[in-house]
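# Remarks on the overall topology
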Amino acid sequence: MSNDIGLFGLGIMGQNLALNIAEKGFKIAVHNRSVEKVDTTVARAKSELKDQNLTGFKDMKSFLDSIRKPRAVIILVKAGKAVDLTIEKMVEFMEPGDIIVDGGNEWFPNTVRRAKALEAKKILYMGMGVSGGEEGARNGPSMMPGGPEEAYKRIEEIVVKCAAQVESSGPCVTWIGPGGAGNYVKMVHNGIEYGDMQLIGESYDLMRNVIGMSNEEISDVFSDWNKGELESFLIEITATIFKKKTEDGKAYVVDKILDKTGMKGTGRWTVQEGAEQSVPLSVVAAALDARYLSGLLAERKVASGILSGPSPAEFKGDKKQLVEKIRLAMFTAKICSYAQGMALIKKAGERFEWNLNLGEIARIWKGGCIIRAAFLDRITKAFKTNPKLPSLLIDPSFAQDVIKGQESLREVIKLAIDSGLSTPAFQAALSYYDSYRRERLPANLTQAQRDFFGAHQYERVDKPSGEWFHTAWTSAHKSVAGKAYTT
């Protein structure tokens, strides 16, 4: 039997993606380091699928021998060393022209490194971001494959049929670009996800602790928001979460969950890359810091008995009006966050010469993935209208929205401050907006200080760009003062 593709790594994501591929009519071979998961996957296929297109294998050689040439194999194992060990074992039985597709959340330089190492064996290597969790993997995820375009062509028919399908815009997959482009875009996707979740959390905090709303009321608000411009997967599931009660029906599950957030690293990588590319990612960074602070649970418990500050007063205002301001604040901050994320993708695409299509990237996020949202259509349109758009904030449509929503964002932040609630993502978004819209910032003083203590020089507003100057701030600076440098 000749299988169309192989999949190694049968955790829940691997199992579900394999079943998805088989259900779409493709013959797939599956293998796993522990053979028990092979048996589990085969049993699921017999139970869930009408056509038995999935075959399990207990050893690497027979697994690879069953795949038509050039072989294409998706691996879904834990990022890092496990991927290297899998590749090392796999290439023993592969031939020139074969393709390995890493479908995990991998740090993009590792993808570049592995692709380079496999060049000597003439094996093609791809990094493919897969978003949507276990449900997306089974029913249709958003997929972001990067690497050699010829390798993508080999798997294109399969991933196009297995991806989430959006009626208005098509399958949620496209060839992202060469090298580590696919992993990079998935990394930024996850960073944006961090920001979205933090903004939702801050909105919840305000509704619960300032307005005093019940879980049922908050659920209704999120359900209502999901019918408008905030329509998204994360808003939808948030409404569901607030209604879920414990098994005994006496409490809500969300109230029983420890306020300590986990993470797997992609948010941290995104912030690191923002620094590397000199692109501000303040909303994602604020969300990441909020997760770090949540982890200081023992310290926070001690600090709560020592440190003082304001606390929410009894709310006597118009509840409906404030909820609407929170909605506008969230949407405005969300636009700022996506503007930052897309700016990072744009900058990386230019630096690494990936020739990225930002509108197409936004399009494939419309379905299947965690950040799928209605307003991604508008982002696609913005970059289709102007592929060189430097920021979403100056797209006419989005500019109108943030100008309209900024006052609500300011009011919500003021209320939070007066109530002693932290809203780091809201505040980060507003600071970014206010800085981006100013023609002149106080950075002139910072550069003067750098010149004072380190002779880093500065450019002048009244001289051509590229001319550099150093000032004799004290007598110790006289030796080079006044000299112009041209770079």
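For the structure itself, consult the block above.
Just so you know, these numbers come straight off a predicted model, no measurement behind them.

### A closer look at the overall build of the protein
- Within the protein one finds 20 helices and 11 strands.
- Summarising its shape, the C-alpha atoms of the protein cover approximately 80 × 70 × 45 Å along the three principal directions.
- Out of the 487 residues belonging to the protein, those deemed buried represent 51%.
- When the accessible surface of the protein is totalled, it reaches about 23,600 Å², and 53% of it is carbon and sulfur.
- Here the protein contributes 65 positively and 60 negatively charged side chains, and the mean placements of these two sets differ by 2 Å.

### Overview of helix α18 (residues 396-419)
- Its 24 residues place the ends of α18 35 Å apart at the C-alpha level, agreeing with the 34 Å of an ideal helix rising 1.5 Å per residue.
- In α18, a bend of some 40° at Gly405 exceeds every other bend along the element.
- At the exit of α18 stands Gly420, carrying a positive phi of roughly 75°.

### Observations regarding the state of the cysteines
- Enumeration over the complete set of coordinates arrives at 0 disulfides.
- Of the cysteine sulfurs around Cys172, a residue in no disulfide, the closest is that of Cys369, at 7.1 Å.
- On the basis of relative accessible area, Cys369 is assigned to the buried category, the value being 0%.

### Remarks on the sheet that holds strand β7 (residues 142-146)
- Spatially, β3-β2-β1-β4-β5-β6-β7 is the arrangement adopted by the 7 strands of the open sheet, whose pairing is mixed. One side of each edge strand has no neighbouring strand; the edge strands of this open sheet are β3 (54-56) and β7. Sheet twist, expressed as the mean angle between neighbouring strand axes with direction ignored, is 25°.
- Here strand β6 (residues 124-131) pairs with β7 via 5 bridges, running antiparallel. Directly across from Ser131, in β7, lies its bridge partner Ser142.

### Details of the environment of Tyr292
- The residue Tyr292 is located in helix α13 (residues 282-295) in this model.
- For the pair Tyr292 and Met263, spaced 29 residues apart in the sequence, the C-alpha separation amounts to 9.4 Å.
- With near-sequence residues (within four places) excluded, Tyr292 lies in contact with Met263 and Arg268.

### Observations concerning the pattern of salt bridges
- The final tally for this structure, using the stated rule, is 35 salt bridges.
- Between Arg378 and Asp401 there is a salt bridge; the shortest N-O distance is 2.5 Å. Of this pair, Arg378 sits in helix α17 (residues 376-385) while Asp401 sits in helix α18, and the two are 23 residues apart along the sequence.
- Residue classification places Arg378 among the partly exposed residues on the basis of a relative accessible area of 26%.
- Residue Arg437 pairs with Asp434 through a salt bridge whose shortest N-O separation is 2.9 Å.
- Through salt bridges with shared partners, one network takes in Lys61, Asp65, Lys69, Arg71, Glu95 and Asp98.

Definitions and cut-offs
- Sequence positions are assigned chain by chain, starting from 1 and proceeding in written order.
- Local features in a predicted model are, by the rule used here, given only for residues with pLDDT of at least 70; side-chain atom pairs are given and counted only at 80 or more, and totals for whole chains, interfaces and linings are based on all residues.
- Here the side-chain values reflect all heavy atoms present in the structure, with hydrogen atoms and water set aside.
- Numbered from the N terminus, helices here are DSSP runs of H or I no shorter than four residues, and strands are runs of E no shorter than two.
- A simple rule labels every residue: compare its accessible area, found with a 1.4 Å probe on the protein chains alone, to the largest value its type can have, and call it buried under 20%, exposed over 50%, or partly exposed in between.
- Surface accessibility in these figures is a Shrake-Rupley result with a 1.4 Å probe; residues are shielded only by whichever protein chains are displayed.
- We score Asp and Glu as negative and Lys and Arg as positive, and we do not count His or the chain ends.
- Every charge is mapped onto a representative atom, which is NZ of Lys, CZ of Arg, CG of Asp or CD of Glu.
- What a helix is expected to span follows from its residue count: subtract one and scale by 1.5 Å.
- The bend reported for a residue corresponds to the angle between axes fitted to the seven residues ending at that residue and the seven starting there.
- Here, two cysteine sulfur atoms that lie within 2.5 Å of each other are counted as a disulfide.
- Pairing between two strands is assigned when DSSP locates at least 2 bridges connecting them.
- Where helices are involved, their axes are fitted lines through C-alpha atoms of the stretch in contact, as for all axes, and angles between N-to-C directions lie from 0 to 180°.
- Pairs of residues are marked as contacts when any of their non-hydrogen atoms sit within 4.5 Å.
- Salt bridge criterion: a side-chain nitrogen from Lys or Arg within 4 Å of a carboxyl oxygen from Asp or Glu.

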